[in-house]
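Read off the chains here:
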Amino acid sequence: MSILVVLEPGSDGLKRTSYETVGAALSISGGAPVHGIAFGASNDQISSAGRYGLASCMSVTGPEWQSAPSAMIAAAIADAARSVGAATVLFAANAFGKAIAPRVAVRLEAGLLADCVELTSNGAGVQAVRPVFSGKARIHVSATTATTVATLRPNVFTAKATSESTVQIQAFTPTSHVGVRSAQVTGVSKNEGTMDVSEADIIVSGGRGLKGPEHFNLVEDLAKSLGAAVGASRAVVDAGWRPHREQVGQTGKTVSPTMYVACGISGAVQHLAGMSSSKIIVAVNKDKDAPIFTVADYGIVGDVFEVLPRLTSAISSVTGKN
Amino acid sequence: MNILVCISQVPDTTTKIAIGADGASMNPAGVKFILNPYDEFAIEAGLRLKEQHGGTVTTMTVGPETSKEVLRTALAMGSDTAVIVKDASRGDSFVVASAIAEYATELAPDVIIFGRQSIDFDSFALPSMVAEMLGWPDVSTVSSLSIESGTVTADSDIEGGRQHVTATLPCVISAQKGLYDPRYPKLPDIMKAKSKPIAEREPSSAQPRVAAVSMNLPESKRLNKVFTDSDADIHELVRLLHEEAKVI
């Protein structure tokens, strides 16, 4: 029984989450075939997944598939899954995957395992682990159906570079999308000049400890020294100091960067829910009893106004960025 | 315009989670339950649409008897009617989506509004599952919304920006934080809501498609190395980030 992975074109090759999805598929495939499917991607973009072990990919191209709506794409993915006899369909748990995977699950009469952080296969089927209740518990789940659809939390699964293999690319022409009622995407506005926290490898976030929006330059400077995105706690977003798109936590974004640096953030459960799966967590807070230290790998007890400038210059001397 | 708002009751974020006797669910004893925070934006969006276009707002939930409480909140905010689908299982997305799609087929609303996600299981699954079952378009994580002459114009938040989307009614929408500021119900309305009828429906006959094998509390594997704010300590931390954690 094969695995179908849904790939997305990115600015350089495919999106990083697509390579992670290929990595996750290969780790559970037990030698079964892994097929990709991509919409509106060039052959060069698809071929870049060969480095991570992808051997075969269906490519759907044509003007109607450029920023095609979710209902249409879901119908096409279900077609593709049937055509290769996929028992498992994997997506990244980003905006695209979250919108489309539930529709594909309905079409394939499949159980949906959402926002998984671990994936295993025991031959009988796929089992996943996902955080629930704001990360306060983990649940092991599996589908009771013949087919499993799963979305994978970004930056949790590893894309393993292998010897360069050639991806066999076949043009795929879906049929089931015809007549599907869909929303139409009429345009996209990018947040110019800022790196999005949900796609960043390193995030530096500021909280109420910064005492005012005029002091966020301390956070921005530290972020620059690390090549990081700037994040914010709910308190400072609600106070209007920072835009909602930067908010990390329950009513903001869930992130799992390689390193998360929390500056002047006490670590309310709502905040921890959005960042506790980060690989390395660093906290700077003047209150040694702040809950953020319980989830931190490294902490500095001190005033952000005193610590951040010195931390920034010490990091700059290692990274060469300032 | 007839509007169906779908809401849920979830454990308060700050509540302590204990594992139930079956080893695969949460023990609800002593847990404080609240209206899912995103659903406040969904209810407010429904009420604003009614204020602009007329029609009715129906609010529904799928859950145990105790989740009638969140319907009372919706009634106090201004929802015209409330419906509960009795389901004590707390949760298979497919079963819940089926119950909503079955009711929506009878009610035939122009728009169905959800909160972006429920904060207990965070599956982000219901809005697009229901839309797929009904054959409707959906617009998720909506941060701005207008509906004129049967056409929905909305902004949908995506990584690094927002998509501008149009769709025709009937349509499913999921509300992002900040779509509107939810209104606070007034005390007389809270009192009146207590005696309003709540219609009850039997659960869907749909069978769960996901099984919970086990649930556990995560163990912290964090290093918890804490330093002072001295220059020596700051340099030691940076050295460890470089040589031990290898993140810089």
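The rules we used
- Per chain, the residues get numbers from 1 upward, laid out in the order the sequence is written.
- Here every chain gets a letter starting at A, and every ligand a number starting at 1, in the order they are written.
- It should be noted that, the model being predicted, local features are given only for residues of pLDDT at least 70 and side-chain atom pairs only at 80 or more, the latter also being counted only at that level, while totals for whole chains, interfaces and linings use all residues.
- Secondary structure elements are taken from DSSP: a helix is a run of H or I of four residues or more, a strand is a run of E of two residues or more, and numbering for both begins at the N terminus.
- Here the radius of gyration uses the C-alpha set of atoms, whereas the globule reference equals 2.2 Å times the residue count to the power 0.38.
- Residue burial here comes from a neighbour count, namely the number of other C-beta atoms, placed from the backbone, that lie within 10 Å of the residue's own C-beta, with 20 or more meaning buried, 12 or fewer meaning exposed, and in between meaning partly exposed.
- It is the C-beta atoms, placed from the backbone, that decide contacts: two residues are in contact if theirs lie within 7 Å.
- In this count, Pro and Cys sit with the nonpolar residues alongside Ala, Val, Leu, Ile, Met, Phe, Trp and Tyr, while Asp, Glu, Lys and Arg are called charged and the others, Gly among them, polar.
- By the convention used here, strands pair only if DSSP detects at least 2 bridges between them.
- A fitted line through C-alpha atoms represents every axis, and for helices the fit uses only the stretch in contact; the resulting angles, taken between N-to-C directions, go from 0 to 180 degrees.
- Every crossover in which the path from the first strand over the helix to the second runs clockwise, viewed with the strands pointing away from the viewer, is termed right-handed.
- Given a helix with a known number of residues, its expected span is that number minus one, times 1.5 Å.

A. Layout of the overall build of chain A. Looking only at helices and strands, one finds eight helices and 16 strands in chain A. Its C-alpha atoms give chain A a radius of gyration of 21 Å, near enough to 20 Å, the size a compact globule of 322 residues would have. If one aligns the C-alpha atoms of chain A with their principal axes, the spans along those axes are about 60 × 40 × 40 Å. Burial analysis of chain A (322 residues in total) assigns 58% to the buried set.

B. Examining the interface of chain A and chain B more closely. Counting residues at the interface gives 74 residues for chain A, matched by 69 residues for chain B. The dominant element in the side of chain A that touches chain B, judged by the number of residues it contributes, is helix H8 (residues 304-319) of chain A, at eight residues. Tallied by class, the residues present in the side of chain A that touches chain B amount to 36 nonpolar, 25 polar and 13 charged.

C. Structural detail: the sheet that holds strand E7 (residues 126-132) of chain A. Sheet architecture is open: four strands sit in the order E6(A)-E7(A)-E8(A)-E12(B), paired in antiparallel fashion. Bordering the open sheet on either side are strand E6 (118-121) of chain A together with strand E12 (210-216) of chain B, each of which pairs with just one other strand. Put simply, the sheet's adjacent strands are angled 25 degrees from each other on average, direction ignored. The sheet contact formed by E6 of chain A and E7 of chain A spans four bridges and is antiparallel. Each residue of the ladder has a partner; that of Ser121 of chain A, found in E7 of chain A, is Val126 of chain A.

D. Here's a closer look at the sheet that holds strand E1 (residues 2-7) of chain A. Residues and elements named next belong to chain A. Strands sit in the order E5-E9-E4-E1-E2-E3-E10 across an open sheet of seven strands; the sheet is parallel. Each having just a single partner strand, strand E5 (111-116) and strand E10 (168-171) make up the two edges of the open sheet. For this sheet the average axis-to-axis angle between neighbouring strands, irrespective of direction, equals 20 degrees. Pairing of E1 with strand E2 (residues 34-39), which is carried by five bridges, proceeds in the parallel orientation. By the bridge assignment, Leu4 is partnered in E2 with His35.

E. Quick look at the environment of Ser121 of chain A. All names here are of chain A. Position of Ser121 among the secondary structure elements: in strand E6. The exposure class of Ser121 is partly exposed, given the 19 C-beta atoms found within 10 Å. Between the C-alpha atom of Ser121 and that of Ile28, which follows or precedes it by 93 residues, the distance is 5.4 Å. Apart from residues lying up to four places away in sequence, Ser121 is in contact with Ile28, Gly30 and Val126.

F. Just the pairing of E2 of chain A, in detail. Residues and elements named next belong to chain A. Counting buried positions along E2 gives six out of six residues, so the element sits mostly inside the fold. What you see with E2 is no split at all: Val34, Gly36 and Ala38 on one side and His35, Ile37 and Phe39 on the other are buried throughout. Once the chain exits E1 it traverses helix H1 (residues 16-29) before rejoining the sheet at E2, and the crossover so formed is right-handed.

G. Local environment of the pairing of strand E11 (residues 184-190) of chain A. Among the seven residues in E11 of chain A, zero count as buried, and that is only a small part of the element. As paired strands, E11 of chain A and strand E9 (residues 161-168) of chain B are joined by six bridges and run antiparallel to one another. Looking across to E9 of chain B, one finds that Val185 of chain A is bridged to Val165 of chain B.

H. Looking closely at H1 of chain A. Residue and element names in this part refer to chain A. Between its terminal C-alpha atoms H1 stretches 20 Å, which fits the 20 Å expected from 14 residues at 1.5 Å a residue. Taken together, the buried positions of H1 are Thr17, Ser18, Tyr19, Glu20, Thr21, Val22, Gly23, Ala24, Ala25 and Leu26. One or two steps after H1, the chain reaches Gly30, where phi turns positive at roughly 55 degrees.

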